[in-house]
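# Topology and contacts: notes
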Amino acid sequence: MARVAMALLGLVASATAFIEIVERPMMLYSTVSPKLRIQSKEPAFANIPADHIDLKFTPSLKPGAYNLSVVSDTVISLALRSGKKWGNPHTTDGMTMYLDSLTMNGGANMLQDEKEVAKIIPTPTIKRAADTVIYTQGTSKLVINGTNFRPKEMELMFDPPLVKDKDYILSVKSSTSMVLTRTTGTKWRDEPGPLKLRRINTGAGALRIDPSFGGIVVAEVQADLGAHGVTVESTPDEKFYQSQGSLIIIGEGFNETKNTLRFANGLRGKGVNYTTVEHSKTQIKLDLAKKSRWRANPANLPGPLVLLAVDAGAGFVPVGPTEAKKGRTVATIFEDPAVNKNMKTIYRTHTHQIWVTGSGFTKAPQYSTTITMDPPLEVGEDYSLVVYNRTHMLLSLFEGKSWKDSEGKLKITHMNTGGGQFPVKNGVQIATVKSDAEDHPSGVTVTRTTQTLYQTAAIRKLVIQGSGFTDDTDLTFDPPLEKNKDYTQRFVDANKLVLSLKKKRKWRWEGGPLLVKTIDVGLKSGEIKVGSGGQGIQVANILFDPTVEESERIIFASHTRRLVIRGTGFSLEGTELTLRPTKRKAYEIESLEMTEIVLLLNEGEEWCSGVKEGESEHVYVSKVDTGAGEVIMDEEGVIVAKVEADVDDNNCDDSCEWALDGVCDDGSGKGRYWYDDDFGGFYAYDDDYYGYGYYYYGDDDFLAPVCDPGTDCTDCGGPATADTPPTECDNTCQWANDGFCDDTRTSGLCDEGTDCHDCGPVGASNFSTWDDDGWWDDDDNYWDIDDTFDYGDEKKESEDAGAGGVFMSILEGMVYVVGAVVCGGGTYVAVKFYKGQQVPYLPAVQDGSETELIDQSTGRANVPITPDVTYT
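Residues numbered from 1 in each chain as written. Predicted model: local features only at pLDDT ≥ 70, side-chain atom pairs only at ≥ 80, totals over all residues. Heavy atoms only, no water.

## Quick notes on the overall build of the protein
A count of helical and extended segments in the protein gives four helices and 51 strands. Looking at the protein residue by residue over its 872 residues, the buried ones come to 45%. Long-range contacts, defined as pairs at least 24 residues apart, comprise 67% of the intrachain contacts of the protein with a sequence gap of at least 6. Surface exposure of the protein reaches about 45100 Å², of which carbon and sulfur atoms provide 50%. (Helix = DSSP H or I, 4+ residues; strand = E, 2+ residues; numbered from the N terminus. Buried < 20%, exposed > 50% of the residue type's maximum accessible area, 1.4 Å probe, protein only. Contact = heavy atoms within 4.5 Å. Areas by Shrake-Rupley, 256 points an atom, 1.4 Å probe, with all protein chains shown as cover.)

Have a look at this one:
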C-alpha cells in the first residue's frame, strides 16, 4: 500500500509542473567514470522509487548500462555498470550528452527542453615502456606513448614525483604521443630505478594507471655513465656448485680498475664472499672466498645467480628492470652434493635395490644425477638410478648382474648433479656386500627376475623361474598373495611356473618389489627359504596402475606452449602418453612427477590443427605406458584440454626477454605474485643471507610485470578468454582483507570475485555501497582525494583567515583552556585521594557506623586486625 501511495503522489506531482534541471555538465571518461549525477532546482524526486524513473539521452544510453538511484529530493545518480560505456566519442574533443526525457511512473516527459548533463571524453591509456632506458641527467627528453591524449588539459603524476613546469615541460604531439623535456639542473630520478606514471588527467579527473602495480613503468632510469650504460650478458650455462668455481661476468662498459657488484642474494665482495681478481671493459672475474657459497639456501637449488646492478664508477646501474626484480643470470648454482654413510648388509645378486640418502640430488628431465662407484658399476648397464627428490635416490640391480664380485664395502666416490664431477671425500660407504646364501641341498631354487607388471595387469602373466618345481608347488609371497584366491598357477615344467591374476585383485596394493620368501614343492623338508638373510628374492617389480585426471583447461592451438596433465602412478623412470589428435613429434616431456606430467610444444607444432575461430577441439589421452606396457583408456580416452584457435584477440608468444624462465612476466598470470625458484617460491628475501638482497628498495610493495601482456605465453599460459570460468570467491586481489570491497562491484580495482573476504562471493554480496551524497565521492577507484596533484611533501602557504577565522581561533583557545583546567583538577583530586589525604570540597563517605574506616591523622585503616577478616 505504501508503494502505491508513493506512486500516486508521484503522479500528482508529475501532473502539476515541469522539472527544471540544473545544467552542470560533468566531465566523464567514456569507460571508467563511475557515476553521473543529475540535479533539479526544486525538490522533484521525493518518495519516487528509482525504478519508476525513466530517462532518455542523446546520444542513446540504454537503461541496462547504469544503475539509477535517488540520492535526495533533488538529486538522482547513475552508476555505470561493469563493462558498459557512457558513450563512444570519436575524437579527443569528446561529445556532449543531453537529457531528452525524464518520466515518472510512465507519465509524460517532465522536461520542457533537452538539458546538457555531461561531456564524455575517451579514456586515456598509457603504453608500458619498461625497456626504455634513460639516464638521470644524460637524457633530456622522454617520449610517452598511449591513446586519447588531449593537448589543452593534461596533468601527470609520477613516482618518484616530478612537477610539471618545474622538473619538466610537457608537449602533447598527438593523441597518441607526448614528450617530456627535462628542465636544466633536474633529474628524472635521484637514484636508478623505474619511472612510473601513476595518474593521468585529461579533463575528467585523475585516472589511476595500472593501480594493481602502483603505476605503469614509462622508462628505466639508469645512472649517467658518459653516453652509455653498463650491460651484462646472461650466461645461465655457466654451472657451479655452491662452494666451487671462479665466475666470469661478461658484458660491456665495465671499469678496468674497479667495479662494485650487487647480487640478488646479497653476495659481498672485498673477500667477504668473493674477491674480484680481474677487470676489463668486457669481463669481470670473481673468485669465491673460503667457507663462502655462491648461494646459501640449498632448498632453492639448482637456481640462478642473479646480478642486479653494477657500479663502474658513476653509481649503480641496473642490468635488468628493477621494477620486476629482474637482473641477469650470470651462472646456475647447484647444491654441493653429499651422501650419507650406510653399512646395511646386502647380498651380491639376491638384493635387488639400495636406497641412497644425502642431499643435492637432481632429477630428470631438467637435470640428471650420475655417480661413480667403487667397485665400478655402469648405470644403464649394471643398474638403474632414479632420483625421487633432493635427498633420496634408488639404485636397482639389473637381472643377471651383481653389486660386487666379492664381499666388502660398496662406495660412492664422485657425483655429478649438473655442475660437473664433485668428489665425495674419501668415498662414502652405502652398503656392505656379502655373498649370496648357498642353494638348498634339494636343488630347489627361485631365480631373481625384474619383470615389470601393473598392479592389476590382466594381459601380462607373472613368470616364476628356477629349478625343482612340481605341479603342487606352493609359494609364499611378500606382500602376501593367496593361491586360487588372488591368482591361479599353471605348471609348465620343473623350471617354470606361470601365475595369472584374478579379477579385482592386485599383485600389490602399492607399487614396489614382489618377493618370494619360501617355496614348498612337496618334499619332506617342507617349506624351503629362498634368497639370502631371510629377505626373500625378487620375482617382479610392480608399478602403480596409471590414471589420468580429466580436465577441460583452455589452451590455444600453438600459442599455449605448455600442457599440464595430472593423474597418478606416473613412473619417474619414464612415462609415455598417447595423445589424440596431437602427434608425439609435436611435444617433449618437460618435467615428470608421480602425479603430474608437463608437456612442452615444439616450435612450429600445434596441439590440434585446423581449429576454426569460435570453435574448439578436445585433446584426449588414449594410452599410458609407465614401463609395464600400454594401458588403454576407456572409450575415446580421457579429456585433458580444450583447444581453441589462435585468434587475434588471444594472440601470445614468447617474445619477452625473460620468457621460458618458469616465471610469468607479462602480468597475465593470476594473482599479484609470480612463482620463482630464484627466491624460494616468491620474489622475496628468502635467500638474502648476506644483508642486502635488492638493488632498489623503494618499490617492494609492487612486483609489476616486466613484459607486455601475451609475450610470455609459455610461462603464463596465454590471456584469458570469454570462455574462461569466472572467479566466484578468492582473495587474490592486492587489496583483499582490508575491510573495503575492491572488486568490480564497487571500485573496480580488482577482478570480480577476487576480494571475497570484503565483498562476499559473486552473487551473494555482503558489502555496503558507497555513500552517494555528493557530486564527487572520490571513491578509491581512479580519483585523487581532492582531484588535485598536490604531493604529500609540499607545504601550502596559509591564507588570510579574516574575522570569522579570528573568532574560530578564540573559540578553539577557550576549549583548550577549559580542557586543561578539567584535566589539572582531576589529576589533583586523584593524587590527594591516592595518598589518603583530605580532599577539599569532597564529603566524607559514611557507612552508617560511628567508626571511620580511615584515621585522618595517620592515613591508616582504623579497623581491628583479625586472622579471618580482610579489609580492603
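## Remarks on the sheet that holds strand E28 (residues 353-359)
The sheet built from four strands is open, its strands ordered E26-E28-E31-E30 with antiparallel pairing. Looking at strand neighbours, the two that pair on one side only are strand E26 (338-339) and strand E30 (383-389), the edges of this open sheet. Sheet topology places E26 next to E28; two bridges connect them, and they run antiparallel. Note on E28: the bridge partner recorded for Ala338 is Ser359. (Pairing = 2+ DSSP bridges.)

## Topic: the environment of His440
Take His440: it is sitting in the loop between strand E33 (422-434) and strand E34 (445-446). Each C-alpha atom of the pair His440 and Lys529 lies 8.3 Å from the other, and the pair is 89 residues apart in sequence. Here His440 is in contact with Ser525 and Ile528, once residues within four sequence places are set aside. Polar side-chain contacts of His440 include one of 2.7 Å to the side chain of Ser442. (Polar contact = N/O pair within 3.5 Å; in protein donor to acceptor, adjacent residues only side chain to side chain.)

## Remarks on the state of the cysteines
Overall, the coordinates contain one disulfide when judged by the stated rule. There is a disulfide in this structure between Cys729 and Cys756, and the S-S distance comes to 1.8 Å. Its torsion about the S-S bond being -90°, the disulfide of Cys729 and Cys756 is classed as left-handed. Placement of Cys729 in the loop between helix H2 (713-716) and helix H3 (756-759) and of Cys756 in helix H3 is noted, with a sequence separation of 27 residues between them. Overall, the relative accessible area of 10% leaves Cys756 in the buried class. (Disulfide = S-S within 2.5 Å.)

## Notes on the packing of aromatic side chains
For the coordinates displayed, the defined rule picks out 11 aromatic pairs. Judged by centre distance (6.4 Å) and plane angle (90°), the ring pair of Phe57 and Tyr66 falls under edge-to-face. For Tyr66, a relative accessible area of 5% puts it in the buried group. Geometrically, the ring pair formed by Phe477 and Tyr487 is edge-to-face, given 5.7 Å between the ring centres and 85° between the ring planes. Of this pair, Phe477 sits in strand E37 (residues 474-478) while Tyr487 is found in strand E38 (residues 487-493), placing the two residues 10 residues apart along the sequence. (Phe/Tyr/Trp six-rings, centres within 6.5 Å; stacked < 30°, edge-to-face > 60°.)

## Looking at the pairing of strand E49 (residues 616-625)
Two elements, strand E46 (residues 576-580) and E49, share five bridges in a ladder whose sense is antiparallel. When the sheet's bridge partners are listed, Thr578 is paired in E49 with Lys623. In terms of strand pairing, E49 meets strand E51 (residues 638-644) through six bridges, oriented antiparallel. Each bridged residue has a counterpart across the sheet, and for Val621 the counterpart in E51 is Val638.

## Details of the pairing of E38
Both E38 and strand E39 (residues 496-501) contribute to a ladder of six bridges, which runs antiparallel. If you follow Thr488 over to E39, its bridge partner there is Ser500. Joining the antiparallel neighbours E38 and E39 is a turn of two residues.

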